[in-house]
Amino acid sequence: MDKILNSEKSGSFPRFGKRRGKYELETSSFRLDNKHKEHDDDKVTGSDEISLEHGLKQGQVDQFIESLASAQDKSMSPEIPDLAELFLKVVNSRISTYEMREGLTKFGHNQEEDSSFFEAVTRLSKMVHYLGEFTLDSTTTGWFHRAKSVLHRAMSMLETEFQALLGISKRSFNAKVMDSKTPESPQPSVFNSNQHETKTEFLNFPPESIAIMKQVATVMIFAGHETECCISYTAARLNALDAELSKQGYENINTEDFQRMEWASQEGEIDHWNRIVKYLTTNLFPAERKLCNSIFEHASTAQRLFCDLATSVTIKLLAFPNTLLLIKQYSIEKLFKFLDIYETLCGLISGIGNELSAKDLIQETSLMQRRIGEAAVSMFCELENSIKSDNGRIPVANGAVHPLTRYTMNYLKYACEYKDTLERVFRQHNEKEGSTKQEPKNGESTNTSHFATQMMLVMDLLDANIDTKSNLYRDPSLRYIFLMNNGRYMLQKVKSSNDIYEVTGDDWLRKQSADLRQYHKNYQRETWGKVLQCMSHEGLQVNGKVSKSTLKERFKSFNAMFEEIRKTQSTWIVSDEQLKSELRVSISAVVIPAYRSFLARFGSHLNKGKQQEKYIKYQPEDIEVVIDELFEGTAASIGRRRLMHLSQ
Amino acid sequence: MNANEYQGSFLGRISIRRNQVVVMDAIHEQELEDIELFQKHVSDRFSELSSPSDDDAILSISWLRKLLDVFLCCEAEFEAILLMDRDPYQLSKPPFDRLIPELLDRAVKALDICNAVTNGVESVRHCQKLAEIAISALDQKPIGDGEVKRAKRALITLMAAINLDDKDGTNAKSTERSWSFGRRSGNKDRVAGQFRSLSWQVAKNWSAAKQIQSTIYNLVAPRGAEASGLPSPIYTMNVIMIFVMWALVAAIPCQERTGLPTHFPVPKQLNWAHSLIGLQEKIADEWKKKEKKGMAGLLDEMQRMEKSAQSLIDFTDSFQFPGDAEKLQEAAGHVAELTEICRIMEQGLTPLQMHIREVFHRIVRSRTEFLDVLEKGSLPVI
């Protein structure tokens, strides 16, 4: 434990060559001398090494380093003690020992041996660094260059080793450890090395391997070999990420091929891309970040490496949404897939966080997001255009709900499931336009939802369009039925979905209900106003006597009118059951009592028998039956009704 | 060369003119004048490109950026001629109902090339990092064995990266030669090879060379009456787009360039095309010389880097401490050259990448505008 702490401390020195300051020297002891007895498997150089290292006294090397660091006059070449020469030999022979070692990795066989080696290399790089500040004479120069050669040899080996470690996952590491006869490592079981294992293989470095990589990276960076270290790291991780994405089934698609696909296949590709990017954002990136942080002890290095990695992978993945922008934008149905992508990109940006090193990545991704957002806006606005341009001259038969109303409302309901995303999209869009376009109108509060504004615009357009369409009906009563049907449909859609209700709000509901009541009243007036006039008690009495001829006329015209209404209005359609029953109840409530009282008051004035039979065609109960058959879309319209059902 | 300058005056003039009520002949005459002006600008711009100053040799980073600027300028002008106040119906009639979709198809192909080349810039950047290691090792006095070995290790990896095969990221044949310099083997190829793997690809089995071939396919200069009308700028724009994409592919490493065409037919008698044809021939000659060797591309900076790196490898091979003064001086020259190249790359690669993306988005936008017009043109007139 003590040793590990020491080695970490030495590594935490600022990098040489960048800024030179007075380094506080660690006081840890030099441990080369009490180490290798433990492993006598290094037969080749083992005995030489032992005799060499016995010559090295604890702390002497550190003293030498300290003397170099604290020297005031650097124009004088310092004296190189014998122990420094010995030190070079020791390090050199340790490198040879490692280089000759067979097996997947050279480190990890003996933790103490490794740590002491890393410490020695760190000391060597300190010597080289401090000595570089001096003006050297010829003897010193000779030693200096030999030292640098040994250091390079160490760095080369560390770099190679670092690459090897980066390429080894848990399974092979365990296998390796087993080969190198370390008995305490658990035997990898045949049973757990199957599917389950391969699934989680990504970033499955054994902790001991990570610890070694961290030491290697620290030593390399300390010795000024940061670039080599980072290049190796980035290359290995990029490869691993690629392999992982490929295992997840990701494959780049070129624009041209994508362009030729049917929308159904394109949709599939979009879903796939979304899945991959989400996996990357939620699984791979956090894992990579963690790995960076556990190998590179300087937060800034770790952060930069992670961000470079993420940038590299992401920029390539962004080629796909770029391709999407080529899709003809004005098809309304594609909106939702675009919103999916927009959401995925949001996730990506927030997953990366607000790191300076990821500036390019964030910028590119946000730009992409804005473009996708703009495409989404133009798709949504295409809905407005298609409403505006829907001006067919043929009214829907029997006043039923217009397909445009159904389409628009179902679309809006679906859109409202994305309302938070749409809100962001429209806010972004309006902010961009805002500076050039209109100022918000007076009194309009600035925190009105951008999407709600847009959606209400669509609803208003739909209202206006339905109103125009209603004028295609020559019969005003049918016109009101049509308006009621469509208005009611909208109202029900809003009420049935919380998402859409939250956007429209209570005001809209109140207004819509008021409009519907008005249509209802107008219908009553148009259809039943004249009928009620027939039953008016006024004008029937001439000089205090009931005029039979007038009475007969009244009954005749009531019968005719009622018959006509029965004939036409039973073919009309009110599909909303509640609305239908409301209509019937309100009609009954007006007509039946009036008829009943009319009949009671004047029926007896007609002669019993023939006359009554001729003029009184309906009993009040009959009237009720007829009213209950209205708006069923019966008879002539049955064929059409079926069609309407199909299109729902 | 300023895109806005050309565009501004040009657009302004067109809109003023088109708002006036003029007889058809006058419109036609004006249109011919516009086309002529467009082609004159094309000619001027390419002649400027073909006589570059020392700072931006042909196919250098800054030259490529100028080329991209030329593309953007020409594209803006072209779009103005074809679309400004144009009756969409006209473009939906022959021969435009064929010419414009063909142009748009080529535009889509160009987009893939933009993506491929953007990825390729990454591998140039990778080379830059390796060169920087060599620089930091050799830019010291005095140079010792340690520095030399460090530099050599980086330079060999650099050469391996330069000679990486376009196709699958494995090393081309010729690199075995440079490997033999190293005593150690086994790990270097991994570092170099690692850099171009899956994500480097535009798509599986995609080939930049084939893509260029397919854009050239079917390109025919307008003849007869068409030669003087609107079909002629459409042809010009096609040629410019193909040339720009072709030059990018030749310069910057990208997926599979084996069999990159070295020639696409542009009739020599076309005045506006003189400089462009000259440039094309020059680049094609370079390509033919280099192609067999397997290389990073014709990017000027990369070629210079390759030369200096090779010289420095030779230097490190023969180096014995303390080194021959003359050779040391020579090496210092190469290091200075490498330093300069790395500086140019550091400053230029990111802007170049952004510039390529700008071209990408311009092509997308322009294509959308053309599609809109075509759509309007195909609607029945009310």
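Residues numbered from 1 in each chain as written. Chains lettered and ligands numbered in written order. Predicted model: local features only at pLDDT ≥ 70, side-chain atom pairs only at ≥ 80, totals over all residues. Heavy atoms only, no water.

### Focus: the overall build of chain A
Note the threshold: Helix and strand assignments come from DSSP, with helices taken as H or I runs of at least 4 residues and strands as E runs of at least 2, each series counted from the N terminus. For every residue, the accessible area (1.4 Å probe, protein chains only) is compared with the maximum for its type, and the residue is labelled buried under 20%, exposed over 50%, or partly exposed between those bounds. What makes two residues a contact is simply this: any of their non-hydrogen atoms within 4.5 Å.
A tally of helices and strands in chain A yields 26 helices and 2 strands. The proportion of buried residues among the 648 residues of chain A is 52%. Contacts spanning at least 24 positions in sequence make up 80% of the contacts within chain A whose residues lie at least 6 apart.

### Topic: a negative patch on the surface
Our working rule: Here a patch means residues that are over 30% exposed by relative accessible area and free of salt bridges, tied together within 9 Å if like-charged and within 5 Å if nonpolar (Val, Leu, Ile, Met, Phe, Trp, Tyr). Note on areas: Shrake-Rupley with a 1.4 Å probe; residue coverage comes only from the protein chains shown. Counted as salt bridges are all cases of a side-chain nitrogen of Lys or Arg within 4 Å of a carboxyl oxygen of Asp or Glu. A positive count includes Lys and Arg, and a negative count includes Asp and Glu. His and the chain ends are not counted in either. Where a charge sits is defined by one atom per residue type, namely NZ (Lys), CZ (Arg), CG (Asp) or CD (Glu).
Taken together, the side chains of Glu 621, Asp 622, Glu 624, Asp 628 and Glu 629 of chain A define an acidic patch exposed on the protein surface. Among the structural elements, Asp 628 of chain A can be located in the loop between α25 (620-627) and α26 (638-647).

### Describing the interface of chain B and chain A
The line we're drawing: Accessible area, probed at 1.4 Å, shrinks when two parts are joined; the buried area is that loss added up over both. In the analysis that follows, any N or O atom pair within 3.5 Å is treated as a polar contact, provided that within protein one partner can donate a hydrogen and the other can accept it, and provided that, for residues neighboring in sequence, both atoms belong to side chains. Put simply, Ala, Val, Leu, Ile, Met, Phe, Trp, Tyr, Cys and Pro go in the nonpolar bin, Asp, Glu, Lys and Arg in the charged bin, and everything else, Gly too, in the polar bin.
With 46 residues of chain B in contact, the opposing surface of chain A contributes 40 residues. With both sides pooled, the region where chain B packs onto chain A buries about 4,100 Å², and carbon together with sulfur makes up 53% of that total. Remark: the boundary between chain B and chain A carries 6 salt bridges. In this structure, Arg 150 of chain B engages Glu 228 of chain A in a salt bridge whose closest nitrogen and oxygen atoms are separated by 2.8 Å. Taken together, the links from chain B to chain A amount to 16 residue pairs in polar contact (both at pLDDT 80 or more). Put simply, the parts of the chain that give the side of chain B that touches chain A at least two residues each are α5 (96-138), α6 (145-162), α8 (188-194) and α13 (325-378) of chain B. No other element matches α5 of chain B, which puts 11 residues into the side of chain B that touches chain A. Looking at side-chain class alone, the side of chain B that touches chain A contains 17 nonpolar, 13 polar and 16 charged residues.

### A short note on empty space enclosed by the protein
Operational definition: Here a cavity means grid points, on a 1 Å grid over the protein atoms only, where a 1.4 Å probe fits yet cannot get out; a pocket means an open set of points with protein on both sides within 12 Å along at least five of seven lines; lining residues are those with an atom within 4 Å of a point. Grid points are joined across faces, edges and corners, and a volume is the space filled by probe spheres set on the points.
Evaluated as defined, the whole model comprises 7 cavities of 30 Å³ or more. By volume, the largest cavity is sized at about 310 Å³. As for the largest cavity, its lining consists of 28 residues, and the residues nearest its centre are Ile 315, Lys 316, Leu 318 and Ala 319 of chain A together with Asn 115 of chain B. Those elements giving two or more residues to the lining of the largest cavity turn out to be α13 (299-317), α14 (319-324) and α16 (359-388) of chain A together with α5 and α13 of chain B. Per-element tally for the lining of the largest cavity: the top contributor is α5 of chain B, with 5 residues. Among the residues forming the lining of the largest cavity, the class breakdown is 12 nonpolar, 11 polar and 5 charged. Roughly 100 Å³ of volume is contained in the second largest cavity. For the lining of the second largest cavity, the per-class residue count stands at 9 nonpolar, 1 polar and 1 charged.

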